[in-house]
Amino acid sequence: MTTDNELAYSTARNFAMKARKEGKSITRELLVECVSKANRFMELGLNSEDLDDIVKQLETALSVTIGQELTLRGKAEHIPWIGQARQELQWRFWSRYRDYQIVSGLPENVVDALDRITDKILGLAGDPRSSQNFDRRGLVVGHVQSGKTANYTGLICKAADAGYKMIIVLAGLHNNLRAQTQVRLEEGFLGYKNVQAKGKVQGQKIPVGVGASGFDELLLANTMTTRLENGDFNKGASKQFSVSPEMTPWLFVIKKQVSVLRNLFQWLENFVPASLPAIVIDDEADNASIDTKVQDFHGDQPDPDHEPTKVNAFIRQILNHFQRKSYVGYTATPFTNIFIHHDAETPKVGPDLFPRDFIISLPTPSSYIGPARVFGLSRDTEPDQEQALPLIRKVTDAQDWMPRGHKQTWVPDGLPPSLRRAVLSFCITCACRKLRKPDGINSMLIHVTKLVKVQKEVYDELDSFLRKIRRELTLGSGLQQSEVAGQLREIWDKDYLPTWTELRERGLPNEPH
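Nothing here was measured: the structure is a model prediction, and the numbers come from that model. (Residues numbered from 1 in each chain as written. Predicted model: local features only at pLDDT ≥ 70, side-chain atom pairs only at ≥ 80, totals over all residues. Heavy atoms only, no water.)

Peer 1: Give a description of the packing of aromatic side chains that names residues and reports values.
Peer 2: Tallying each qualifying case throughout the model produces eleven aromatic pairs. Ring geometry for F93 against F189: centres 5.0 Å apart, planes inclined by 45°, an arrangement best described as tilted. Taken together, the residues span a long stretch of sequence, with F93 in helix 5 (residues 92-103) and F189 in helix 8 (residues 175-190) at a distance of 96 residues. Judged by relative accessible area, F189 falls into the buried class, the value being 0%. With a centroid separation of 6.1 Å and 55° between ring planes, the pair formed by F233 and F252 is classed as tilted. With F233 in the loop between strand 6 (222-223) and helix 9 (235-238) and F252 in strand 7 (residues 250-254), the pair connects residues that are 19 residues apart, well separated along the chain. (Phe/Tyr/Trp six-rings, centres within 6.5 Å; stacked < 30°, edge-to-face > 60°. Helix = DSSP H or I, 4+ residues; strand = E, 2+ residues; numbered from the N terminus. Buried < 20%, exposed > 50% of the residue type's maximum accessible area, 1.4 Å probe, protein only.)

What follows is the structure, encoded as structure tokens:
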């Protein structure tokens, strides 16, 4: 935004917040009135397009609501500490992350809820300033793609502010997922990425995300992992590091893979004091972390000779290394976690990962569109339930192209019309999103077979089709109007515009541009 636009935005926002305190609802009509008033009051002379953009930004920032989280607490005695810590500590990492989220466009109501909920989670974890040993275990449940990563990034910022020195994030099973999580935490917590020179352990710190405006010596945290595909915890390089209590926090973003967990555990044993407070964040805690072997019990006593699955065992040993530790799992599907036996334990690896101290269910913002809203909850016999959004397109031309039960020798013939139309629709969506946010990331998953060889055939056909789209839109096809351009126009006119109209009638805030 230009300086005038920013001034109009902040002034109009103040008008809107005053109206909210007076009991008025934040509607589009109210925001239009506030923006027009700000334009007149500040004598800015903004045009209608600028004013409309400011209204839309205010809609995003102010009209989203979010409910209350649900909390289950364990029976173990726990001394509340976060309220006092709020007054005593300077929450520098959190304040920087909060500002970054607001500048990035996250609605302020959602950021306020994030602040409230991460306070609650951290308060149910152990107090890292305490001289008493503690072992706290909890679980956070959130909907798919509803902000779990933003939540545990906020939690990590507050954990570092509170005094946790070892922050370990268990980030999936694959290199690409671990690297994606590393990127998110570099942008939201570290404020830099490491660019390593050949032959050197320590890389150059390049500011990103929360650190883009410059480094603050009071906001430095260390990491031994990077955003590279092979940037996981490295046993060789780690030998050149040691950790002492007075040092800044350390972040580790690692895969849930036996060799990586073993290397980290051995390094912790050799180089990290057990007295340091540690917090372990387990992303997708229902995946790979569970001990799938059944432990026998003799009366109330667990079998001491039980050998858990290896990933589970090393996670427990890592926790067991520390005298003061908290474990917080995150998942959208908590069923396996809550069915862990609450007394499962062995002398070697310690207690299992049952969330004995707390379970928190995250609320979703009103702008969240998940499976229930997309597919609906209603049946013919339940007309009052939520109806599906008009976004589902039934496919009827794929059975012969990709038969059920096909073998790896199957070679699909080209692409069916429905898949071509889906790819063209994705191109339109990318164009719309790029106009709104030029740096946004877009992806489309096409998964039509479990067989790698057959999927490779599909990939080749898709690659050829995408090249045709690119070629015709940039160079033309020799026809007066390219075939691809005509298809895109037909999809826009006959599918996108009518669908947008129906979505608007259902109260969704977005509108076509």
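Peer 1: How would you explain the sheet that holds strand 7 if you had to name every residue and give the values?
Peer 2: The strand order across the open sheet formed by eight strands is 1-14-2-11-8-3-7-6, and the pairing between neighbours is mixed. Edge strands, defined here as strands with exactly one partner in the open sheet, are strand 1 (70-73) and strand 6. By the bridge criterion, eight bridges tie strand 2 (residues 134-141) to strand 11 (residues 324-331) in an arrangement that is parallel. Paired with L139 across the bridge in strand 11 is G329. (Pairing = 2+ DSSP bridges.)

Peer 1: If you had to explain the environment of E505 to someone new, which residues and values would you point to?
Peer 2: With respect to the helices, strands and loops of the structure, E505 is situated in helix 16 (residues 483-505). A relative accessible area of 65% means that E505 is categorised as exposed.

Peer 1: I'd love a proper account of the environment of F297, names of residues and values included.
Peer 2: Among the structural elements, F297 can be located in strand 9 (residues 297-298). Under the relative-accessibility criterion, F297 is labelled partly exposed at 24%. When the C-alpha atoms of F297 and D343 are compared, they prove to be 9.4 Å apart, with 46 residues separating the residues in sequence. Discounting chain neighbours no more than four positions away, the residues touching F297 are P302, H341, D343 and A344. (Contact = heavy atoms within 4.5 Å.)

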